Amino acid sequence: MKRKLIAAIGVAGMMAGLAACGDSETASNAKPEDRKENLTVWLMVDAQSTWPELVKDVNAQFKKKYPNVKVNVQYQGWADKAKKLDTALGGDKFPDVVELGNTETMQYILNGALAEIDPKKYENSDTWIQGLTDTCTFEGKQYCVPYYAGARVAVYNQEMLKKATGSDALPETEDAFLKAMDKVSKEYGEKDKRYSSLYLPGRYWYAAMSYVAAYGGQIAEYDEGSKEWKGMLSSPESQKGIQHFVDLVKKYNKADLTKDEQDHANVMANEKAGVIYGNGWEAGSVVDGKNNGNAKLEGKIATAGMPGPEGKALPSFIGGSDLGIVEKSKAKDLAEEWVSLFTNEKSMEVLASKNILPNNTKQLEPLKEKPETAAVANAVPDAWFTPIAPGWTSIEKEEVLKNMLLQIIKGDSVEKAAKAADAKIDELINKG
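All chains use their own residue numbering, which begins from 1 and follows the written sequence. Since the coordinates come from a predicted model, pLDDT governs what is reported: local features require at least 70, and pairs of side-chain atoms require 80 or more to be given and counted, while whole-chain, interface and lining totals use all residues. The basis for every side-chain value is the complete set of non-hydrogen atoms in the structure, without hydrogens or water.

With that settled, the discussion passes to the environment of D247. Relative to the helices and strands, D247 resides in helix α10 (residues 236-252). Burial here depends on accessible area, computed with a 1.4 Å probe over protein chains only, as a share of the maximum for the residue type. Under 20% is buried, over 50% is exposed, and the range in between is partly exposed. Taking the relative accessible area as the measure of exposure, D247 reaches 43% and is therefore partly exposed. C-alpha of D247 to C-alpha of I409: the two residues are 162 residues apart in sequence and 9.5 Å apart in space. A run of DSSP states H or I qualifies as a helix once it reaches four residues; a run of E qualifies as a strand once it reaches two. Both are numbered from the N-terminal end.

The next subject is the side chain of K328. Tracing the backbone shows K328 in the loop between β13 (319-325) and α13 (332-342). Among buried charged residues, K328 stands out as having no salt bridge; its nearest opposite-charge side chain is D92, 7.9 Å away. Pairs of N or O atoms are called polar contacts if they sit within 3.5 Å, as long as, within protein, a hydrogen donor faces a hydrogen acceptor (for residues adjacent in sequence, only side-chain-to-side-chain pairs). In this structure the side chain of K328 is engaged in a polar contact, spanning 2.7 Å, whose partner is the backbone oxygen of L89. Counting rule applied: Lys, Arg positive; Asp, Glu negative; His and chain ends not counted. We define a salt bridge as a side-chain nitrogen of Lys or Arg found within 4 Å of a carboxyl oxygen belonging to Asp or Glu.

Strand pairing is assigned whenever DSSP detects at least two bridges linking the two strands. As summarised here, the arrangement of the five strands in space is β2-β1-β3-β13-β6, forming an open sheet in which the pairing is mixed. Where the open sheet ends on each side, the last strands, each with one partner, are β2 (70-76) and β6 (145-150). Adjacent strand axes in the sheet meet at a mean angle of 20° when their direction is disregarded. Sheet topology note: the β6/β13 ladder contains five bridges and is antiparallel. Looking at β13, one finds that V145 is bridged to L323. Sheet strands touched by helix α3 (residues 52-65): β1 (38-44) and β2. Its angle to β2, the strand with the most contacts, is close to 160°. Here an axis means a line fitted to C-alpha atoms, over the contact stretch when the element is a helix, while the angle between two N-to-C directions is reported on a 0 to 180 degree scale. Residue contacts are defined here by distance: any two heavy atoms, one from each residue, within 4.5 Å place the two residues in contact.

So this is what it looks like as structure tokens:
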């Protein structure tokens, strides 16, 4: 299947892309000091707030080689980045390099928006985290570079746990963990009926699918015979995982069961939750007084691997970001070199020093022993991801899963809701 160009790019966009290839080849033959292009880089605000010195250092290295090339780094917010990018790609003012969340990459690969990359040109590519590499790969070709990784873990209030159980260490098995949650519920829930010892929102599909993975289920699988994907949420294994998740929601969530996870860090910041299942960085959000967090909880919030069913850790969704080079760029070689500098071993050391998971297993390894990062670093190697399928690129996919969970919360059987979700998945996932 060839990559498809969306209407936003159109015929004019394709012609611009073809012209860009010729311009780039011509320019790349010039001496570095003679290059005078502009290079526009879109990074998310995380880089601006947490590792601005890395951006500054890479730009300085780049300028030393290309003194007359102007690098324009523009920081984007997650809420409106996709809409802005789609608009930019349809016009003539678009970035040369763009950061994408790993759930966004397939959409832009299939749209023809990203240029193919050669992994051999990037340091540590032989040890890139496989889960991130997979999100950049389609039909054996790679279209983006892994930037950093993330995973979901238990984020918990040590003070509350210790007061209720006598220990501030999160139990490692689910049986022991749920017994601890019962004690926390009794300690705090009797005084506050809206308090949740374990706050799992009912429409939190990432968490629900982690329980599905724990029981050996999956969202969908590819059938070699029909050459199509097939929804697998109604399989016995998947249903068992969904039921387990819903049971936990109904027992421990004392707030609105129909919400998703978007504000669960704020729920913890307001001391309405003892434990949430979130991204490792959300522990910082809980105590960030400048952004709706609670600075009084500083030093009281910790992370640990989330205990899962059958004595094992709960499988985590592989999160993170990738960097793509826009197909229409007139300076692909410069974009490639900037990305190479920004993702090399030296740059990854900067991220690791800030407890951000690097893009490769070599530099990830020491973080598995570091107290601040052990939980999330150890969750990455065995993490799961959504189907790498052409039709699984729309926001509709999340709505299918969220709606399935909502129907179960409202009273439908797991079997009925899962079968309905499978039918919708079959329709969406194979239409590409």
